[in-house]
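Now for the letters of each chain:
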Amino acid sequence: MTIESLDQAITRQGNPVELLRNADFRAFTFPVAPEFSNWRSEQRAWRRSAALLDQSHHMTDLFLRGEGLIELLSSISVNSYRNFRPGVAKQMISVNEQGYVIGDGILFHLGDGVDLVGHHVLADWVKYQVEKSGLEIEVTEDPNSAVRDGDPVFYRYELQGPRAYDIIEKLTGEQVPQVKFFHVHEFTFAGTSVRGLRHGMAGEPGFEFFGPFSEGARIREAILDAGEEFGILPVGSKAYSSASIESGWVPTPLPAIFGDDLRDYRTWLPASRVGSLGGSLRSADVQDYYLTPYDLGYGRSVNFDHEFIGKQALQDMASSPARQKVTLIWNPEDVAEIVTSQLRDGLPAKFLDFPKSRYAFHQFDEVLAGGKRIGVSTDPGYVANDKVYASLACVDQAHAASGSEVELLWGEDPNSDKGSVEEHRQVRVRATVAPAPLHDYARTAYRSNTRL
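Read on for an overview of the structure. (Residues numbered from 1 in each chain as written. Predicted model: local features only at pLDDT ≥ 70, side-chain atom pairs only at ≥ 80, totals over all residues. Heavy atoms only, no water.)

What follows covers the nonpolar core. Taken as a class, soluble globular proteins show a tendency for nonpolar side chains to be buried jointly. Core analysis: the largest hydrophobic core is formed by 72 residues, its most contacted members being Met92, Val126, Ile257 and Phe258. Considering each element in turn, this core owes the most residues, six residues, to helix α5 (residues 120-133). Setting aside residues up to four positions removed in sequence, Val126 forms contacts with Leu62, Leu64, Leu73, Ile76, Met92 and Leu116. Grouped together as the second largest cluster of nonpolar side chains are 34 residues, Ala239, Tyr359, Ile374 and Val427 included. (Core = buried A, V, L, I, M, F, W, Y, C linked by side-chain atoms within 4.5 Å. Buried < 20%, exposed > 50% of the residue type's maximum accessible area, 1.4 Å probe, protein only. Helix = DSSP H or I, 4+ residues; strand = E, 2+ residues; numbered from the N terminus. Contact = heavy atoms within 4.5 Å.)

Time to look at the packing of helix α6 (residues 164-172) against helix α7 (residues 216-227). Axes are the key here: two packed helices are described by the angle between their axes and the distance separating the axes. Relative orientation of the contacting elements α6 and α7 amounts to 115°, with a least axis distance of 9 Å. Looking at the two axes, α6 sits roughly perpendicular to α7. Considering only the axes of α6 and α7, their crossing is right-handed. Counting all contacts with α6, which are made through Ile167, Lys170 and Leu171, the residues of α7 involved are Ala222, Ile223, Asp225, Ala226 and Gly227. (Axes fitted to C-alpha atoms, helices over the stretch in contact; angles between N-to-C directions. Parallel < 35°, antiparallel > 145°, perpendicular 65-115°, else oblique. Left-handed = near helix turned anticlockwise from the far one by under 90°.)

Let's shift gears to the packing of aromatic side chains. For any pair of aromatic rings, the description rests on two quantities: the centre-to-centre distance and the angle between the ring planes. Taken as a whole and assessed by the stated rule, the structure comprises 25 aromatic pairs. Through pairs of rings, three or more aromatic residues link up here, namely Trp39, Trp330, Phe354, Tyr359, Tyr382, Tyr389 and Trp410. Between the NZ or CZ atom of Arg156 and the centre of the ring of Phe108, over which it lies, the distance is 4.7 Å. (Phe/Tyr/Trp six-rings, centres within 6.5 Å; stacked < 30°, edge-to-face > 60°. Lys NZ or Arg CZ within 6 Å of the ring centre and 35° of its normal.)

Strand order in this closed barrel of six strands is β13-β17-β16-β15-β18-β19, and the pairing throughout is antiparallel. The sheet shows a mean angle of 40° between the axes of neighbouring strands, taken without regard to direction. Across the sheet, helix α8 (residues 237-247) is in contact with β16 (372-383) and β17 (388-396); its angle to β16 comes to roughly 130°. Running at roughly 145° to strand β19 (residues 427-434), helix α11 (residues 332-340) makes contact with β13 (323-330), β17, β18 (405-410) and β19 of the sheet. (Pairing = 2+ DSSP bridges.)

What follows concerns unusual backbone geometry. Across the junction of Asp413 and Pro414, the peptide omega takes the value 0°, indicating a cis bond. Structurally, Pro414 can be placed in the loop between β18 and β19. Of the consecutive residues Ala436 and Pro437, the connecting peptide bond is found in the cis state with omega at 0°. Of note in this structure, Phe182 is not a glycine but carries a positive phi near 65°. Among the secondary structure elements, Phe182 is positioned in the loop between α6 and β8 (184-189). Taking the relative accessible area as the measure of exposure, Phe182 reaches 10% and is therefore buried.

Moving on: the pattern of salt bridges. Two side chains of opposite charge can pair, provided their charged atoms sit close to one another. Counted according to the given criterion, the structure contains 33 salt bridges. Put simply, Glu18 and Arg282 hold a salt bridge, and the shortest N to O gap is 3.5 Å. Here the residue Glu18 occupies a position in helix α2 (residues 16-21), and Arg282 occupies one in the loop between β12 (277-278) and α10 (311-318), the gap between them amounting to 264 residues. For Glu18, a relative accessible area of 26% corresponds to the partly exposed category. (Salt bridge = Lys/Arg side-chain N within 4 Å of Asp/Glu carboxyl O.)

In short, geometric facts, not functional conclusions.
Structure, rendered in structure tokens:
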């Protein structure tokens, strides 16, 4: 059977936006329980006590090794590789020639090679660049559990919360050392060596532990047993999906791969590798859906100490970024109106799910001020810790101050053909601008290189 390329699919449809808006979107089901207790308590655990989040199944691992690898990665990354070495990880961010984001992921230096962890979007771009380079680089892909046969290569468990260090000290019998942000420390507990990255999805204190999947069940049991006296809760897939709202991470920007200069890549890329597009933003110009590293709050990661695709464009943007990442706190009365519209006669608003209500892989809702578009909202959901419905957004600098009042459009008009979209009407939601990340700790202390 011939596999349709992304470029062929666009030619068939006539426009990339229409192709993606009507692409089928199904919620992936991973072998992690939706809830172990309830998602509200699980959300609160990472702020009040400790939470254990299972990352073993929903990300792609791309293992690479070979001569010239770091130089190649550097040429397609906005990040510097000057201090990249064994025991260090970094957020890899790739952009196109115009400076728009293609994808991001976490790159681990494993000593004899690297492991790129994240959604498959960036992994595909890296695989293409490796093939194009002609370098003898070994590439092994471990896809997520929705498409993989068998177990993952690694388990990944994130232990985070104000009691996380207490739990680690009970596990190891030693004080947790000062470990720099995005550095890996080797712990010993449960009868084995366990690598831990100082990092966490919800922007709280803790480590991301990883190792051979065959040891995962034993490690998980040991962490939960040690954490019982400290109020640890295992986190199910529902609460996990909402962690990004608190940490301020936008998980799936639309890959900026639809320009004429990347047609060869779209010819190489199967159409099935690009996800659906949803939300109230309605434009035939796919560039209106693109985001820059500065839009996403990644300006601190952009480093001009090397040559890379998109360098000149980002240098031109650096002094005056157009947009800023913020959190939008939705008006509770407008949220209640959306919910109660499901219980009354007449056409309801787009269903608002809890704790997350992203109904496309790439979610873009229009943000307005004075009736004009001033940004885009992504990744909406409920934060039990603050009792707010919120979303991450990228808005014009003039409207990015905390306390600014804006509106967002919720729902599609016209409704797309995605299976995740029911017949509904579009509504306006008042919202107040707040910082991103939402909480002081995540903004000010999370990346600190001292023990907190």
